[in-house]
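This is what each chain is made of:
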Amino acid sequence: MLAELTPALIAEVQDAAKLLASAQRICVLTGAGISAESGIPTFRDKQTGLWENYHAEDLATPTAFARDPKLVWSWYQWRRELVADKTPNPAHVALAQWQQHIKANHQQLTLITQNVDDLHEQAGSTVSHLHGNLWRNRCSQCKAPYQSNPEGSSNSENDTDFTDTLITCQHCGGYIRPDIVWFGEALPVQAWQTAEDAAASCEVFISIGTSSLVYPAAGLAQLAKHNGAKIIEINPNPTPNTVVDITLAEKAGVIMPALIQAITEL
């Protein structure tokens, strides 16, 4: 795997591996780029088909759902169909393997994601979702969780078929919505606390496939740096982030297996 990289990138990977092998506490933040490598469109990609005249930012809001719940529900059902057959890529798999390796070495790795898919879970990782989970639903009024398929399905969290028909809450009669953090909504308290604690206490913070534009998650690297952590960025298009110590300018699916190989060989 290392042999596939350029000599300069190999040197950077080896530097990162030494840093990570000696760290007791590591925090990893993943964004849309890691899922894009599995074929999941990013939020900023142009909509296609029936949705090409809509902007994602205009649909993913409480106001949009209140105005036209069927439109927003239908869009999310379409998004679920797009994601349903996607599988973890080598980056997801490497992260899951690394979590197990780290446990055995009595290190700590906290994995945080901005993504709403369940590819990390499918790969075997334990992960904290900052922006919710595409396969979960809840009531838009009383916030009670809604599960239509208690026995589960092929997706680890999938409790939804793809019908466009609106569903009402059995407790209060409110419309069921995706359990996603929409624009203008607060992040889940427990997930954000986990992320803040991990970023503030880690020795190395890794950003994978994220633009570092969406706050408050984008502030986690700054929080880690402020508390003395080294920052590693994995992104084929590096961000102009001045806090980064090591930049690995390649796809996560290429870098992560090579990085884990380098760590385990030390």
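Refer to the preceding data block for the structure.
Residues numbered from 1 in each chain as written. Predicted model: local features only at pLDDT ≥ 70, side-chain atom pairs only at ≥ 80, totals over all residues. Heavy atoms only, no water.

> Help me out: how do you make sense of unusual backbone geometry in this one?
Glycine aside, negative phi is the norm for most residues, and most peptide bonds take the trans geometry. The phi torsion at His106 lies on the positive side, around 60 degrees, for a residue other than glycine. Positive phi, close to 70 degrees, is recorded for Lys143, a residue that is not glycine. By relative accessible area, Lys143 is classed as exposed at 57%. (Buried < 20%, exposed > 50% of the residue type's maximum accessible area, 1.4 Å probe, protein only.)

> Help me understand the packing of aromatic side chains, please; the structure alone is not making it clear to me.
Two measures describe an aromatic ring pair: the distance that separates the ring centres and the angle between the ring planes. Following the criterion strictly, the structure yields three aromatic pairs and no others. With centroids separated by 6.1 Å and ring planes inclined at 35 degrees, the aromatic side chains of Tyr76 and Trp182 adopt a geometry described as tilted. One end of the pair, Tyr76, is in helix 5 (residues 69–83); the other, Trp182, is in the loop between strand 6 (176–180) and helix 8 (189–201), with 106 residues separating them in the sequence. We note that Tyr76, like Trp182, is buried. An aromatic cluster is defined as three or more aromatic residues linked by ring pairs; in this entry it consists of Phe65, Trp75, Tyr76 and Trp182. The aromatic ring of Trp75 is capped on one face by Arg79, whose charged end is 5.1 Å from the ring centroid. Lying across the ring of Trp182, Arg177 places its NZ or CZ 3.7 Å from the centre. (Phe/Tyr/Trp six-rings, centres within 6.5 Å; stacked < 30°, edge-to-face > 60°. Helix = DSSP H or I, 4+ residues; strand = E, 2+ residues; numbered from the N terminus. Lys NZ or Arg CZ within 6 Å of the ring centre and 35° of its normal.)

> I tried to follow the nonpolar core on my own but got confused; where do I start?
Most often, soluble globular proteins keep nonpolar side chains buried together rather than apart. One finds Trp98, Ile206, Ile234 and Met256 to be the most contacted residues of the largest nonpolar core, which totals 35 residues. Counting only elements with at least two residues in this core, the list comes to helix 1 (7–21), strand 1 (25–30), helix 6 (90–104), strand 2 (108–113), strand 7 (204–208), strand 8 (230–234), strand 9 (246–248) and helix 10 (252–265). Ranked by residues supplied to this core, first place goes to helix 10 with eight residues. If near-sequence neighbours (up to four positions away) are discounted, Ile234 is found in contact with Ile206, Ser207, Ile208, Gly209, Leu248, Glu250, Ala252, Ile255, Met256 and Leu259. Within the second largest apolar cluster, 20 residues are counted, among which are Leu29, Ala198, Ala221 and Ile231. (Core = buried A, V, L, I, M, F, W, Y, C linked by side-chain atoms within 4.5 Å. Contact = heavy atoms within 4.5 Å.)

> What is the right way to look at the packing of helix 6 against helix 10 in this model?
When two helices pack together, their arrangement is given by the angle between the helix axes and by the axis-to-axis distance. With their axes 7 Å apart at the nearest point, helix 6 and helix 10 run at an angle of 25 degrees to one another. One way to sum up the angle between helix 6 and helix 10 is to call them roughly parallel. Classified by chirality, the crossing of helix 10 by helix 6 is left-handed. Together, Pro90, Ala91, Ala94, Leu95, Trp98 and His101 of helix 6 and Ala252, Gly253, Met256, Pro257, Ile260, Ile263 and Thr264 of helix 10 make up the contact between the two elements. Within the contact of helix 6 with helix 10, the residues separate by chemical class into ten nonpolar, three polar and no charged. (Axes fitted to C-alpha atoms, helices over the stretch in contact; angles between N-to-C directions. Parallel < 35°, antiparallel > 145°, perpendicular 65-115°, else oblique. Left-handed = near helix turned anticlockwise from the far one by under 90°. Nonpolar A, V, L, I, M, F, W, Y, C, P; charged D, E, K, R; others polar.)

> Before we go on, may I ask you to explain the environment of Ser207 in this structure?
Within the element layout of this structure, Ser207 appears in strand 7. Between the alpha carbons of Ser207 and Ala221 there is a distance of 7.7 Å; along the sequence they are 14 residues apart. Among all residues touching Ser207, those that are not within four sequence positions of it are Leu29, Ser212, Ile232, Glu233 and Ile234.

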